[in-house]
Number of protein chains: 2
Amino acid sequence: MMETVSTNRAFGGVQGVYRHASAVCAIDMTFSVYVPPHAPGAELPVVWYLSGLTCTHANVTEKGEYRRLCAELGLIFVAPDTSPRGDGVADDPEGAYDFGLGAGFYVDATQQPFATHYHMWSYVTEELPALVAAEFPADMARQSIMGHSMGGHGALTIGLTFPDRFKSVSAFAPIVAPSQVPWGQKALSGYLGDDRTAWRRHDAVALIEDGARIADLLVDQGEADPFLAEQLRPDLLDAACRAAGIPLTLRLQPGYDHSYYTISTFMEDHLRWHSARL
Amino acid sequence: MMETVSTNRAFGGVQGVYRHASAVCAIDMTFSVYVPPHAPGAELPVVWYLSGLTCTHANVTEKGEYRRLCAELGLIFVAPDTSPRGDGVADDPEGAYDFGLGAGFYVDATQQPFATHYHMWSYVTEELPALVAAEFPADMARQSIMGHSMGGHGALTIGLTFPDRFKSVSAFAPIVAPSQVPWGQKALSGYLGDDRTAWRRHDAVALIEDGARIADLLVDQGEADPFLAEQLRPDLLDAACRAAGIPLTLRLQPGYDHSYYTISTFMEDHLRWHSARL
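The model shown is predicted, which means the values in this text are computed figures rather than measured ones. (Residues numbered from 1 in each chain as written. Chains lettered and ligands numbered in written order. Predicted model: local features only at pLDDT ≥ 70, side-chain atom pairs only at ≥ 80, totals over all residues. Heavy atoms only, no water.)

Novice: Help me understand the packing of helix α3 (residues 120–135) of chain B against helix α4 (residues 150–161) of chain B, please; the structure alone is not making it clear to me.
Specialist: Axes are the key here: two packed helices are described by the angle between their axes and the distance separating the axes. All names here are of chain B. Where α3 contacts α4, the two axes come as close as 12 Å, and the packing angle between them is 55°. Relative to α4, the element α3 lies oblique. The element α3 and its partner α4 pack so that their crossing is right-handed. Contacts between α3 and α4 involve Trp121, Val124 and Thr125 on the former and, on the latter, Thr157, Ile158 and Thr161. When the residues that make up the contact of α3 with α4 are grouped by side-chain class, the tally is three nonpolar, three polar and no charged. (Axes fitted to C-alpha atoms, helices over the stretch in contact; angles between N-to-C directions. Helix = DSSP H or I, 4+ residues; strand = E, 2+ residues; numbered from the N terminus. Parallel < 35°, antiparallel > 145°, perpendicular 65-115°, else oblique. Left-handed = near helix turned anticlockwise from the far one by under 90°. Contact = heavy atoms within 4.5 Å. Nonpolar A, V, L, I, M, F, W, Y, C, P; charged D, E, K, R; others polar.)

What follows is the structure in structure tokens.
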């Protein structure tokens, strides 16, 4: 059911990489899970980390600097891939980085050729949680979700859709309103078609406008992020949260860019934020 | 003189990657330097990190998890490449990973075709320190050196050769006696020729046997490291240090392997060890 690709001891726990035959994506999927040191029989809270454009599970696994904190706080850390991959999986017609492979945008595609494999919404919200619950010492009553960029979009939209499942939500440099920015418009039209009403369930700002609520929200955004003004637009999230009465802690970080150097710097704050709510 | 390849803000400081025309290697060389946050005009101690086989500056820069500690402790962290690279740089005749590109072994080669570019000893002990002193806010009176595997060999041999320059020396899974193990015998014969008397200055155990002394030494070695018994042989270092009266803190870490998952786990202990001696 689940194949172990690799395991490495780290910070007293085990960093694993696993592969399984995904039913909803109709292809093998790879993901990583860090299990911190724990007492026999213990069940631990789970932090989901959704990655950004071009990434696999490996980017945050190698560069995210989360294991020290997860070991200290007793958190399982799950990092899925960002799209289906493999023989027959459609890609952007021109191989662009912002659509297709590495760019699943955490939606269930309805448009061909993507509808065959691109079911990242169901994968991340249903199939992979069931696998994690079955295979790891996870307390699924205590989950939180975070992500970066496209994965911040995923974390926000999933967190807003399942406010009872996720005790807390945070993001690094998220795409907060894909309906209003080029990356998102390309992806949502390509995966979901041109009917924009279908887009609103995959747009954090639209979800909030349509009534979705969560207890609070932490977002870090680098001020030197080259995608800030055109693609990320934290101002739109700030306005939506203010109108909805959602307490948003939006931290603009001077000099920080869109890279894992930023993520690793602020990972500790995010994991402590989640741990305090789990 | 020195070209900036990239800079990223991280943990309040700057992680940079730089390139320069190396005179001693007769080719462009790339290295990384992390400069932590500091007061204007401050001069900071320098930790040298020498990487292992197949690595460039990038491996530890991305996976080493040193920046948080360097920011806290006020340490500059320098990561050189492991060999010259580029047009005309000789490689292992069969492209093996353990000799030639990515495997300079921190010696000045005397054997052709390697003697043309492979001068990593002079590069790491002379040319790059001069460049670091000139270009960064470094207090060169306070330096320490550490490394991993082949880079642990480099750190030990350089530290033992310059006990007045380096306030402290440590290593992860070092090759402690290259004259006695396959990796080292291949490299030292290939770079230095078959006269084994020339090898002793590049063999930590031989250096200690020949009278080199340092104040103390920290080594972490994973017990699940697949190279432990054949290539690394911490037992030989332990015996040499005992005979010489060098206090060696040799920590065998159960379950840990040869990867950066091990290095990142124990990086904090090593940087605190160095900081206490700087």
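Novice: Would you mind going over the packing of aromatic side chains with me for this structure?
Specialist: Where two aromatic rings form a pair, the distance of their centres and the angle of their planes describe that pair. Here the structure, examined in full by the defined rule, presents 28 aromatic pairs over all chains. Ring centres of Phe114 of chain A and Tyr118 of chain A lie 5.4 Å apart, and the angle between their planes is 75°; this geometry places the pair in the edge-to-face category. On the basis of relative accessible area, Phe114 of chain A is assigned to the buried category, the value being 7%. Accessibility expressed as a relative area gives 1% for Tyr118 of chain A, which makes it buried. Here the aromatic rings of Tyr256 of chain B and Phe266 of chain B are separated by 4.9 Å at their centres, their planes lie at 65°, and the arrangement is edge-to-face. With Tyr256 of chain B in the loop between β9 (248–253) and α9 (260–277) and Phe266 of chain B in helix α9, the pair connects residues that are ten residues apart, well separated along the chain. Through a chain of ring-to-ring contacts, three or more aromatic side chains come together here, namely Tyr34, Tyr49, Tyr66 and Phe77 of chain A. Sitting over the ring of Tyr66 of chain A, Arg67 of chain A keeps its end group 5.0 Å from the ring centre. A cation sits over an aromatic face here: Arg165 of chain A above Phe162 of chain A, 4.3 Å from the ring centre. (Phe/Tyr/Trp six-rings, centres within 6.5 Å; stacked < 30°, edge-to-face > 60°. Buried < 20%, exposed > 50% of the residue type's maximum accessible area, 1.4 Å probe, protein only. Lys NZ or Arg CZ within 6 Å of the ring centre and 35° of its normal.)

Novice: Looking at this structure, how should I read the interface of chain B and chain A?
Specialist: Counting residues at the interface gives 23 residues for chain B, matched by 23 residues for chain A. With both sides pooled, the region where chain B packs onto chain A buries about 2,000 Å², and carbon together with sulfur makes up 50% of that total. Taken together, chain B and chain A are joined by four salt bridges. We note a salt bridge from Lys63 of chain B to Glu62 of chain A, for which the minimum N-O separation is 4.0 Å. If you list the elements that add at least two residues to the side of chain B that touches chain A, you get β1 (2–10), α1 (57–63), α2 (67–73) and α9 of chain B. When grouped by side-chain class, the residues that make up the side of chain B that touches chain A number five nonpolar, ten polar and eight charged. (Buried area = accessible area lost by both parts, 1.4 Å probe. Salt bridge = Lys/Arg side-chain N within 4 Å of Asp/Glu carboxyl O.)

Novice: Please explain the pairing of strand β5 (residues 76–80) of chain A as it appears in this structure.
Specialist: Note on strand geometry: in a regular strand, side chains alternate between the two faces of the sheet. Residue and element names in this part refer to chain A. With five of its five residues buried, β5 lies for the most part within the structure. Burial along β5 is two-sided: the face carrying Ile76, Val78 and Pro80 and the face carrying Phe77 and Ala79 are both buried. The sheet contact formed by strand β3 (residues 27–35) and β5 spans four bridges and is antiparallel. Paired with Tyr34 across the two strands is Phe77, which belongs to β5. (Pairing = 2+ DSSP bridges.)

Novice: Explain the side chain of Arg67 of chain B to me, please; I cannot follow it from the model alone.
Specialist: Mapped onto the secondary structure, Arg67 of chain B falls in helix α2. At a separation of 3.3 Å, a polar atom in the side chain of Arg67 of chain B contacts the side chain of Tyr66 of chain B. Not counting residues within four places of it along the chain, the set of residues in contact with Arg67 of chain B comprises Glu65 and Tyr261 of chain A together with Ala10, Phe11, Gln15, Tyr34, Thr61 and Glu62 of chain B. (Polar contact = N/O pair within 3.5 Å; in protein donor to acceptor, adjacent residues only side chain to side chain.)

Novice: Where do I start with the sheet that holds strand β6 (residues 138–148) of chain B in this structure?
Specialist: Within a sheet, neighbouring strands are paired by backbone hydrogen bonds and run either parallel or antiparallel to one another. Residues and elements named next belong to chain B. In space, the nine strands of this open sheet follow the order β1-β2-β3-β5-β4-β6-β7-β8-β9, with mixed pairing throughout. If you trace the sheet from one side to the other, it starts and ends with β1 and β9, each paired once. The mean inter-strand angle of the sheet, taken between neighbouring strand axes irrespective of direction, is 20°. As paired strands, strand β4 (residues 44–50) and β6 are joined by six bridges and run parallel to one another. Among the inter-strand pairings, Val46 is bridged to a residue of β6, identified as Gln143. Strands β4, β6, β7 (166–172) and β8 (217–222) of the sheet are contacted by α4, whose axis makes an angle of about 135° with β6.

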